[in-house]
Amino acid sequence: MASALPDPVPLHLVRRALVTKLRHHGDVLLASPVFTTLARAAPGIEIDALVYLETAPMLTGHPAIAQLHAIDRDWKERGVLTQARAEWALLRTLRARRYDLLIHLTEHPRGLALARLLRPRWSVTRERDKRAALWRRHFTHFYRLPARTERHVVEQNLDALRRIGVYPDEADRRLVMVPGIAAEQKVAALLAEHGLAPREFVQVHPGSRWLFKCWPAEHTAALIDLIVADGLDVVVTGAPDDPERALTTAVLAALRPATLPRVVNFTGALSMPELAALTGYARAFAGVDSAPMHIAAAMGTPALALFGPSSEFAWGPWRVAQRVVVSTQFSCRPCGLDGCGGGKVSECLTTLPVERVHAALTSLLAQTQR
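Residues numbered from 1 in each chain as written. Predicted model: local features only at pLDDT ≥ 70, side-chain atom pairs only at ≥ 80, totals over all residues. Heavy atoms only, no water.

Draft legend 1. Structural view of unusual backbone geometry. Looking along the chain, the bond that leaves arginine 333 and enters proline 334 is cis, with omega of 0 degrees. In this model, lysine 344 sits at a positive phi of 70 degrees, which is unusual for a non-glycine residue. Of note, lysine 344 is situated in the loop between β12 (322-325) and α13 (347-350). (Helix = DSSP H or I, 4+ residues; strand = E, 2+ residues; numbered from the N terminus.)

Okay, here's the thing in structure tokens:
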């Protein structure tokens, strides 16, 4: 598609590009179509990524990424000298790549430092306040987001490319996550060990980085009881941190005794690539707004997602068979708050009835029956 822009970036003059996404796991995965789109539009460009170290597995193996650079947030915990050496080594590595184009997909101030130190010929980031003189001095292009209507984060990321004259095709928009052969083999062995067949179990992921985005443990347990009663096994997954382990423990404790033999708990036992491999084997995913929900979309696994204070329009499962369940009683949602009044409990989530969620899952399973 030809660009009507007066200032598109001439891609034939770009040899290397750096795309930065300094956010959490799900945010990074939702940026994966940017690499696909740019590589398709300009196959001769080497495209690198810069992310936080813990989120690097979300992009490892992406076929459009030449080099994946990472910032370890623990550097600052190891002393000023260690951090300075690590930062200097990273800067030298990035400088050696001689980037012609910088695509900064967050509001992180490091983007300004990179634009100043790497001196790319072209650089694009989200539009800043008119008073942000330094950003305007060091970036050549600024992409805009709707002021009053919501736009999915995937499309927001792609807007950075649109602003420089690169327009995505339909096939470019899908999420990309590559678990890798080692993760696939480990998960296949784990499933066989527990007598689980691919596409014969539902993955239930109760947790989120933010617990105010989670459904009550007893509700999740009741849903698992119903799934097992319907004849499917359940695999429960969760992060290795203490809050998610505690949530999983509470869910398992609330299950009916007859349900327990059909439930396998992998909480804290899987790496991100292994979690993706497991999700790819699942019949469906059931959980809340979280990185694992986005992984389900990337792996093409039908997703049931519960949304409370966050927006399903901006963060919902992307381009996958889905059911999104939200409250019809609270006109204040999505509010973006950490619980009602900042109280860490979101009543728009805690009041979602189990029967309604189960009905949505049943409908999704029927729609995607193979």
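Picking up where we left off.
Draft legend 2. Looking closely at helix α10 (residues 272-281). Most of α10 is tucked away, with eight of its ten residues classed as buried. Inspection of α10 places Glu274, Leu275, Ala276, Ala277, Leu278, Thr279, Gly280 and Tyr281 among the buried residues, and these make up the whole buried set. Close packing links the buried residues of α10 with α7 (181-193), β7 (201-205), β8 (233-236) and α11 (291-299). (Buried < 20%, exposed > 50% of the residue type's maximum accessible area, 1.4 Å probe, protein only. Contact = heavy atoms within 4.5 Å.)

Draft legend 3. Up close: the pairing of strand β2 (residues 46-52). Of all seven residues in β2, six are buried, a share of seventy percent or more. Alignment of strand β1 (residues 16-20) against β2, held across five bridges, turns out to be parallel. Each bridged residue has a counterpart across the sheet, and for alanine 17 the counterpart in β2 is isoleucine 47. With five bridges connecting them, β2 and strand β3 (residues 67-71) associate as parallel partners. When the bridges of β3 are listed, alanine 49 appears paired with leucine 68. (Pairing = 2+ DSSP bridges.)

Draft legend 4. Layout of a positive patch on the surface. Positive charge collects at one region of the surface, where Arg95, Arg116, Arg119 and Arg137 lie side by side. If you trace the backbone, arginine 119 turns up in the loop between α4 (110-118) and β5 (122-126). (Patch = residues over 30% accessible without salt bridge, like charges linked within 9 Å, V, L, I, M, F, W, Y side chains within 5 Å. Areas by Shrake-Rupley, 256 points an atom, 1.4 Å probe, with all protein chains shown as cover. Salt bridge = Lys/Arg side-chain N within 4 Å of Asp/Glu carboxyl O. Lys, Arg positive; Asp, Glu negative; His and termini not counted. Charge placed at Lys NZ, Arg CZ, Asp CG, Glu CD.)

Draft legend 5. The pattern of salt bridges, seen in detail. Scanning the model with the defined rule gives 25 salt bridges in all. A salt bridge links aspartate 172 to arginine 40; the nearest nitrogen and oxygen atoms lie 2.6 Å apart. With a gap of 132 residues between them, aspartate 172 in the loop between α6 (153-162) and α7 and arginine 40 in helix α2 (residues 32-41) connect regions that are remote in the sequence. Exposure remark for arginine 40: the relative accessible area of 35% places this residue in the partly exposed category. Here lysine 213 ties to aspartate 289 by a salt bridge, and the two come within 3.2 Å at their closest N and O atoms. Taken together, the positions of lysine 213 in the loop between β7 and α8 (217-229) and aspartate 289 in the loop between β10 (284-288) and α11 put the pair 76 residues apart, joining distant regions of the chain. We classify lysine 213 as buried; its relative accessible area is 14%. Beyond isolated ion pairs, a larger network of salt bridges with shared partners links Arg151, Glu155, Asp159, Arg162, Glu170, Arg173 and Arg319.

Draft legend 6. Summary view of the packing of α2 against α6. Interaxial distance between α2 and α6 falls to 9 Å at its minimum, and their mutual angle equals 35 degrees. Considering only the axes of α2 and α6, their crossing is right-handed. The residues of α6 that touch α2, namely those facing Pro33, Val34, Thr37 and Leu38, are Val154, Asn157, Leu158 and Leu161. (Axes fitted to C-alpha atoms, helices over the stretch in contact; angles between N-to-C directions. Left-handed = near helix turned anticlockwise from the far one by under 90°.)

Draft legend 7. Quick look at the sheet that holds β5. Spatially, six strands are ordered β3-β2-β1-β4-β5-β6 in an open sheet, and the strand pairing comes out parallel. The two strands at the open ends of the sheet, each matched to only one other strand, are β3 and β6 (141-143). Across the sheet, the mean angle from the axis of one strand to that of its neighbour is 20 degrees, orientation sign disregarded. Here β5 runs beside β6; their pairing, made up of three bridges, is parallel. Bridge pairing in β6 places arginine 126 opposite tyrosine 143. The sheet strands contacting helix α3 (residues 80-97) are β1, β2 and β3, and the helix crosses β3 at an angle near 155 degrees. Packed on one face of the sheet, α4 meets β1, β2, β3 and β4 (101-104) and runs near 175 degrees to β4.

Draft legend 8. Spatial organisation of the side chain of aspartate 289. On the basis of relative accessibility, which here comes to 4%, the residue aspartate 289 falls in the buried class. There is a polar contact of 3.2 Å between the side chain of aspartate 289 and the side chain of lysine 213. A polar atom in the side chain of aspartate 289 sits 2.7 Å from the side chain of serine 310. In contact with aspartate 289, other than residues within four places in its own chain, are Ser208, Lys213, His294, Leu306, Phe307, Ser310 and Trp315. (Polar contact = N/O pair within 3.5 Å; in protein donor to acceptor, adjacent residues only side chain to side chain.)

What is shown is where atoms sit, not what they do.
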